[in-house]
Amino acid sequence: MLVLPDSQGKEDSPVSVQRDAEALPLPAYEGSRLIAPPAIEAANRISVARWLGEIKETFVLDSALPVPSNDKLHLDLSVLVGEVAAEVYVVGAGTAQNDKTRMWASTTLGKTKLVLHSPQPQSRAPIAVSVSVRVGEVILLLPRSFHGPLGISGPSVGEVTLSPDLRAASTKFGDSWFFIGEWAQPEGGEGRGAVWPGDEADVESMIGTVYMGYEDEKEV
C-alpha cells in the first residue's frame, strides 16, 4: 500500500492509496489515439514465470471480465534471471470485486521494461502497477492519462531518472514519493483515513538504474 503526505507535507496526515468507491469519484482521464491490437484477445488474468530467459509479449487486459475471487492480480510477470519486456493495453471498467487493473512485473537479476497504454482512458479502471528488480534496470512508461501517486524504493546503488514530461507533471514529496498530474486532495480535509481511488505505481530497485516516463516519449 502506498501512503502519501498531504498537500502541506504533514507526515502525520497520510493518504492511503486504496480504492473506496463510495469515498471518492474516479478521476477524469485525457484522450488517447492508441487502439488495442485487434489480433490479440483480451484477457483478465495472465501469469508468466520463468527461471531463466525472457518474457517479450504484448497483452490486452480487460478488467471488466471476472477473475477468480482469490486472484488479485490481472497481470503477473516474473523472471529469475533474464528480462521482462512487455507492452500492456489496459481496457475495461473493472468490477465490484476488482476495481483496479492490477499488474506486477519483476526480475531478480536482469531488466524489466513495462510499457502501459490506455486506448480508452475515459472508461478504463484505474491502474495499480508494481515493478521490482533486485539487480538490473527498470523502465516504466505510463499512459498520459495516469493520475496518482508514484512511489520509488531505492536503488541503493544507481540513479533514478524521470523523463522531462513526467517530471513536469509531478509534485515531489520527500525523496521517494511523487504525485503525477494535478494534485487532488481526497475528501475529508487533510486526508486522515481518506483513500485514493485512482491510479498508483510503485517501483522497487536495489542495485541498478530506474527510468520512468510516458508511453509516447522518446527515452533519454
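Quick note: structure is the one above.
What this report covers is the structure whose coordinates are included nearby. Note that this is a predicted model, so its numbers are computed, not measured.

## Overview of the overall build of the protein chain
- Regarding its fold elements, the protein chain presents one helix and twelve strands.
- Starting at the N terminus and ending at the C terminus, the protein chain contains elements arranged as β-β-β-β-β-β-β-β-α-β-β-β-β.
- Expressed as a percentage of its 220 residues, the buried residues of the protein chain come to 47%.
- Within the protein chain, contacts between residues at least 6 apart in sequence are counted, and of these 79% link residues at least 24 apart.
- By element, 51% of the accessible surface of the protein chain is carried by carbon and sulfur atoms, the whole surface being about 10,700 Å².

## A look at the nonpolar core
- One finds V88, M103, L114, V129, L140 and M212 to be the most contacted residues of the largest nonpolar core, which totals 34 residues.
- Secondary-structure elements contributing two or more residues to this core are strand 3 (46-62), strand 4 (75-91), strand 5 (101-117), strand 6 (127-142), strand 7 (148-153), strand 10 (177-180), strand 11 (200-207) and strand 12 (210-214).
- What V88 contacts, discounting residues up to four positions off in sequence, is F59, L61, L75, M103, L114, V115, L116 and H117.

## Some words on a nonpolar patch on the surface
- Together, W51, L52, L80, V81, L109, V135, V157, M206 and I207 line one region of the surface with nonpolar side chains, adding up to about 860 Å² of accessible area.
- Elements supplying a minimum of two residues to the nonpolar patch: strand 3, strand 4 and strand 11.
- Structurally, L52 is set in strand 3.
- The class for L52 is exposed, based on a relative accessible area of 69%.

## Section: the packing of aromatic side chains
- Considering all chains together, one arrives at two aromatic pairs under this definition.
- Here F173 and W183 contribute two aromatic rings whose centre-to-centre distance is 5.4 Å and whose plane-to-plane angle is 50°, an arrangement assigned as tilted. A residue pair is termed long-range when its members are at least 10 positions apart, and F173 in strand 9 (residues 170-173) and W183 in the loop between strand 10 and strand 11 qualify at ten residues.
- Given the relative accessible area of 23%, W183 is considered partly exposed.
- Their ring planes at 70° and their centres at 4.9 Å tell us that F179 and W183 sit as a pair that is edge-to-face.
- Through pairs of rings, three or more aromatic residues link up here, namely F173, F179 and W183.

## A look at the pattern of salt bridges
- For the coordinates displayed, the defined rule picks out six salt bridges.
- In this structure, K56 and E83 form a salt bridge, with 4.0 Å as the shortest nitrogen-oxygen distance. A residue pair is termed long-range when its members are at least 10 positions apart, and K56 in strand 3 and E83 in strand 4 qualify at 27 residues.
- One salt bridge connects D165 with R144, and the closest N-O pair in it is separated by 2.8 Å. Here D165 is found in helix 1 (residues 164-168), whereas its partner R144 is found in the loop between strand 6 and strand 7, with 21 residues between them in sequence.
- You can call R144 partly exposed: its relative accessible area is 29%.

## Description of the pairing of strand 7
- Strand 7 sits mainly inside the fold: five of its six residues count as buried.
- Pairing between strand 7 and strand 10: four bridges, direction antiparallel. The residue bridging G151 from the neighbouring strand is W177, located in strand 10.
- Both strand 7 and strand 11 contribute to a ladder of four bridges, which runs parallel. Directly across from I152, in strand 11, lies its bridge partner V203.

The rules behind each value
Residues numbered from 1 in each chain as written. Predicted model: local features only at pLDDT ≥ 70, side-chain atom pairs only at ≥ 80, totals over all residues. Heavy atoms only, no water. Helix = DSSP H or I, 4+ residues; strand = E, 2+ residues; numbered from the N terminus. Buried < 20%, exposed > 50% of the residue type's maximum accessible area, 1.4 Å probe, protein only. Contact = heavy atoms within 4.5 Å. Areas by Shrake-Rupley, 256 points an atom, 1.4 Å probe, with all protein chains shown as cover. Core = buried A, V, L, I, M, F, W, Y, C linked by side-chain atoms within 4.5 Å. Patch = residues over 30% accessible without salt bridge, like charges linked within 9 Å, V, L, I, M, F, W, Y side chains within 5 Å. Salt bridge = Lys/Arg side-chain N within 4 Å of Asp/Glu carboxyl O. Phe/Tyr/Trp six-rings, centres within 6.5 Å; stacked < 30°, edge-to-face > 60°. Pairing = 2+ DSSP bridges.

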